Structures are given as C-alpha cells and as structure tokens.
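Here's the letter readout for the chains.
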Amino acid sequence: MSVPPPYRGRFAPSPTGPLHFGSLVSALASWLDARAHAGAWLVRIEDVDAPRTVPGAAEGILATLARFGMHADEPPVWQSARSTHYANAFDRLKAAGIVYPCGCTRKEISDSLLHAHARHTTLAYPGTCRSGLHGKPERAWRLRVPDGDAALVEFDDRWQGPQTQNLATEVGDFVLRRADDQWAYQLAVVVDDADAGITHVVRGADLLDSTARQIYLQRCLGVPTPAYLHVPVVTTVDGEKLSKQTGAQALDSAQPLAALHDAADYLGLVLEGGPAASLAAFYTAATTAWVRRVASLVGTSS
Ligand code: GLU
C-alpha cells in the first residue's frame, strides 16, 4: 500500500483589499485543518489578475495573518512571479490539441446564452469557436471539455459532501488565457497547487463551482487531485458574498482574539472551556473543535 504524501495545505487570498471577516474564516479553516493533520500551511498571494490587484493589499494581508498568529511554514508564493509556469502548462495543453483560440466577445456569448435560455437549453459556453475563429480576431484561449459521460466530474467534498458537475452542459469549454492577456485563475490555481505539492484545499464555498474545472485540468496535466473542503461563505444581509465590493470592513488588528472567536463561531466550532485568553490557547482549543466539527459533517474522508 502506498503511503499518502504528508499534508500540505494553503490559504490563497486575492490581494484586492485588506483581509476581512470572510477571508479570515477561510484562513482559519485552512490553518486549523493543517494543524489538525500536523501538516504544513502555506500562503499564496493570488495576484494573477493584475487589473484587480490593489497595491499594498498583499503586504497588509500578510501582516494581518501574522498579527493573528497564523504563520506560514514557507515563504509566500506570488502568482505574479509564476507566469512562465502557467505558460509551460498551457503549451502542454496546446501540444495535446485540447485548447483553441476563441474570438467571441462577452456580448456575443451572452446573446447566444440568452437565446439558448429562451429555448430552455444549456447556459454553458456554446463552443462557437471550436471549429475555428470564423474570421474573427483571436481573443481568449479555451480548454475543450469532453462530451457525454466523460464530462461528468465527481468528487467528495469533506464539508459539502458528494458533488457532481457536468462540464459540457453546466460550464462548456472554459478560458485559460483571457482576452486581456492574463492567465485565468483556473489554470493558475491548478499549476500552483500541483507545484507546491498541496494535498488538501480548504477554502470558501464560492469556489465549489470551480472545483470540477480544476479537477479536470489536473487530469489533463497529469497532476494529483488534492482533497477538497469548502466552508460556508460569509454573506451580507442581502445574501451576497462578503467582499470589498459588498462593503466588508478590514479586520481590527488590535483585537485578533475577538475576531478569531467570531470566525470560529461562524464555522460552528464549540471551544471547550469557553473563550480562550490567548492566541495559543485559542488555536489549541479551536483545532480540537475543528476535528470534531469536520467529523460530524456529511463528507466521508478526513
Ligand atoms: N484567491 C481566491 C479568493 O481569494 C481563493 C482561491 C483558492 O483558494 O483556490 O477567493
């Protein structure tokens, strides 16, 4: 029997603003899961999307994590320094003949989706440029997804339970290289997780819908699929994901313990002995509570 690789987890914030309560919940969950497995915890700054990156935000996030007592086991990785790795992976997919240039504008795609919706069919990218650019200029590059049963991706999420997505009917051929010449998040995250030897991904459930695409890309690139756990996303009263755009406040770095207790409450963690008086005591009690919480969930793996 082969021995599983040692646990390596990560927190991968996008530096679009300061760390807020929603991102603290994801950071805490990934940190506790790594501690519960006596594993390594890494931080990756997801600044692949240069237009959305806010100068200074990454440094602020790293400083806040340190203030909250979450210290990465290795120096942080910055996506902006890794474009050659994305280009190499892309070239391999291109050589395999499974990516193609797409000339569709957003408007053309949304028009055709509206049309499809009116006929009660799929909302996935309709594959317009699969057969060529039809005289349009090249804009983005897409990965061709399979049809039929091969399009079904199944995985067991450790928090959310069994998941299935049909890539052909629910997503369609998806973008790896964007029209604005940026590498797409889906490609970057798969290449980065594989290069870092990540064995466990713990993040917000807003990314549950991206996971099947990432698993499919892992298969295309011949890299391992990590275990996934998606924690519930913190939303505003209107049900929108808490983010800078929806008015999330930066965390009060002067009160790390109070914010950490709130984040633990949000995750449904019941700390033995009540509120902790120090960061060290908090993390010890929260790790035990995390193990109990995950064991009580629908997912089957640990
Ligand atoms: N950068 C993403 C975010 O901040 C997280 C990506 C991931 O964990 O895979 O929402």
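Quantities reported herein were computed from a predicted structural model and do not represent experimental measurements.

A. Looking closely at the site of the ligand. Around the ligand, a shell composed of Arg10, Ala12, Pro13, Ser14, Glu46, Tyr185, Val189, Arg203, Leu207 and Lys241 is seen. Glutamate 46 places a polar side-chain atom, nitrogen or oxygen, 2.6 Å from a nitrogen atom of the ligand. Tallied by class, the residues present in the shell around the ligand amount to five nonpolar, one polar and four charged.

B. Local environment of the packing of helix H1 (residues 21-36) against helix H9 (residues 279-295). Running from amino to carboxyl end, H1 crosses H9 at an angle of 85 degrees, the nearest separation of the two axes being 9 Å. Classified by the interaxial angle, the pair formed by H1 and H9 is roughly perpendicular. Two secondary-structure elements touch here, H1 through Leu28, Ala29, Trp31, Leu32, Asp33, Arg35 and Ala36 and H9 through Phe282, Tyr283, Thr284, Ala286, Thr287, Trp290 and Val291. Residue composition of the contact of H1 with H9, grouped by class: 10 nonpolar, two polar and two charged.

C. Examining the packing of aromatic side chains more closely. One pass over the full model with this rule turns up nine aromatic pairs. When the ring of phenylalanine 21 is compared with that of tyrosine 266, the centres are 6.3 Å apart and the planes differ by 85 degrees; the resulting orientation is edge-to-face. Placement of phenylalanine 21 in helix H1 and of tyrosine 266 in helix H8 (residues 256-266) is noted, with a sequence separation of 245 residues between them. A relative accessible area of 21% places phenylalanine 21 in the partly exposed class. Between tryptophan 31 and tyrosine 283 the ring centres are 5.6 Å apart and the planes differ by 65 degrees, which places this aromatic pair in the edge-to-face class. One end of the pair, tryptophan 31, is in helix H1; the other, tyrosine 283, is in helix H9, and 252 residues separate them in sequence. Comparing tryptophan 31 with tyrosine 283, the two get one shared label, buried.

D. Here's a closer look at the UniProt feature "binding site: Zn(2+)" (unreviewed entry) in the protein. In this numbering, the UniProt entry assigns the feature "binding site: Zn(2+)" (unreviewed entry) to Cys102, Cys104, Tyr125 and Cys129. Across 28 residues in sequence, these annotated residues keep their C-alpha atoms within 10.9 Å of one another, forming a single compact spot. Relative to the helices and strands, cysteine 102 is located in strand S4 (residues 99-102). Apart from the residues within four sequence positions on either side, cysteine 102 is in contact with Tyr125, Cys129, Leu133, Pro137, Glu138, Arg139, Ala140 and Arg142.

E. Fine view of the side chain of threonine 64. Tracing the chain through its elements places threonine 64 in helix H2 (residues 57-67). In contact with threonine 64, not counting residues within four places along its chain, are Leu19, Leu251 and Ser253.

F. Here's a closer look at the nonpolar core. Formed by 43 residues in total, the largest nonpolar core has its most connected members in Leu28, Leu65, Met70, Leu267, Phe282, Tyr283 and Trp290. Mapped onto this core, the elements with two or more residues apiece are H1, strand S2 (40-45), H2, strand S10 (227-231), H8 and H9. Every residue in contact with leucine 267, bar those within four places of it in the chain, is listed here: Val25, Leu28, Ala29, Trp159, Val231, Trp290 and Arg293. By size, the runner-up hydrophobic cluster in this structure holds 33 residues, among which are Trp141, Leu143, Ile198 and Leu208.

G. Broad picture of the pattern of salt bridges. All chains considered together, the criterion is met by 15 salt bridges. A salt bridge links aspartate 49 to arginine 178, with the shortest nitrogen-to-oxygen separation between them at 3.2 Å. In this pair, aspartate 49 sits in the loop between S2 and H2 while arginine 178 sits in the loop between strand S8 (174-177) and helix H6 (185-195), placing the two residues 129 residues apart along the sequence. For arginine 130, the salt bridge goes to aspartate 147, with nearest N and O atoms at 3.8 Å. Separated by 17 residues along the polypeptide, arginine 130 in the loop between helix H4 (106-118) and strand S5 (140-143) and aspartate 147 in the loop between S5 and strand S6 (152-157) bring together distant segments of the chain.

H. Looking closely at helix H7 (residues 208-221). The end-to-end C-alpha separation of H7 is 20 Å, in line with the 20 Å expected for 14 residues at 1.5 Å each. Of all 14 residues making up H7, 11 are buried, and the element is well covered by its neighbours. The complete set of buried residues in H7 reads Leu208, Ser210, Thr211, Ala212, Arg213, Gln214, Ile215, Tyr216, Leu217, Gln218 and Leu221. Within two residues after H7, glycine 222 carries a phi angle of roughly 70 degrees, on the positive side.

I. Region of interest: unusual backbone geometry. Positive phi is not limited to glycine here, since alanine 38 has a value of about 50 degrees. Alanine 38 gets classed as exposed once you look at its relative accessible area, which sits at 73%.

Procedures and definitions
Throughout this description, residue numbers start from 1 for each chain and increase along the sequence as written. Local features in this predicted model are restricted to residues whose pLDDT is 70 or higher, and side-chain atom pairs enter the listing and the counts only when it is 80 or higher, whereas totals over whole chains, interfaces and linings include all residues. The basis for the side-chain values is all heavy atoms of the structure; hydrogens and waters are excluded. Being near a molecule or strand, for a residue, means having at least one of its heavy atoms within 4 Å of it. Here a polar contact means two N or O atoms within 3.5 Å. Within protein one must be a hydrogen donor candidate and the other an acceptor candidate, and residues neighboring in sequence count only if both atoms are side-chain atoms. In this classification, the charged set is Asp, Glu, Lys and Arg, the nonpolar set is Ala, Val, Leu, Ile, Met, Phe, Trp, Tyr, Cys and Pro, and all remaining amino acids, among them Gly, are polar. To obtain an axis, a line is fitted to C-alpha atoms, over the contacting stretch when the element is a helix, and the angle between two such axes runs from 0 to 180 degrees between their N-to-C directions. For the purposes of this entry, the term helix denotes a DSSP run of H or I that reaches at least four residues, the term strand denotes a run of E that reaches at least two, and both are numbered from the N terminus. Should an angle fall under 35 degrees it is taken as roughly parallel, and over 145 as roughly antiparallel, whereas 65 to 115 is taken as roughly perpendicular and any remaining angle as oblique. By definition, residues are in contact when any of their heavy atoms lie within 4.5 Å. For this analysis, a ring pair means two rings from Phe, Tyr or Trp (six-membered ring only for Trp) whose centres lie within 6.5 Å, classed as stacked if their planes differ by under 30 degrees, edge-to-face if by over 60, and tilted for the remaining angles. Think of it in three bands: with a 1.4 Å probe and only protein chains considered, a residue is buried below 20% of the maximum accessible area for its type, exposed above 50%, and partly exposed in between. UniProt positions are given in the numbering used here, feature names are shortened, and annotations may be inferred rather than shown by experiment. Think of a nonpolar core as a cluster: buried Ala, Val, Leu, Ile, Met, Phe, Trp, Tyr and Cys residues, connected wherever their side-chain atoms sit within 4.5 Å. Each reported salt bridge corresponds to a side-chain nitrogen of Lys or Arg within 4 Å of a carboxyl oxygen of Asp or Glu. To estimate the expected span of a helix, count its residues, drop one, and scale the result by 1.5 Å.

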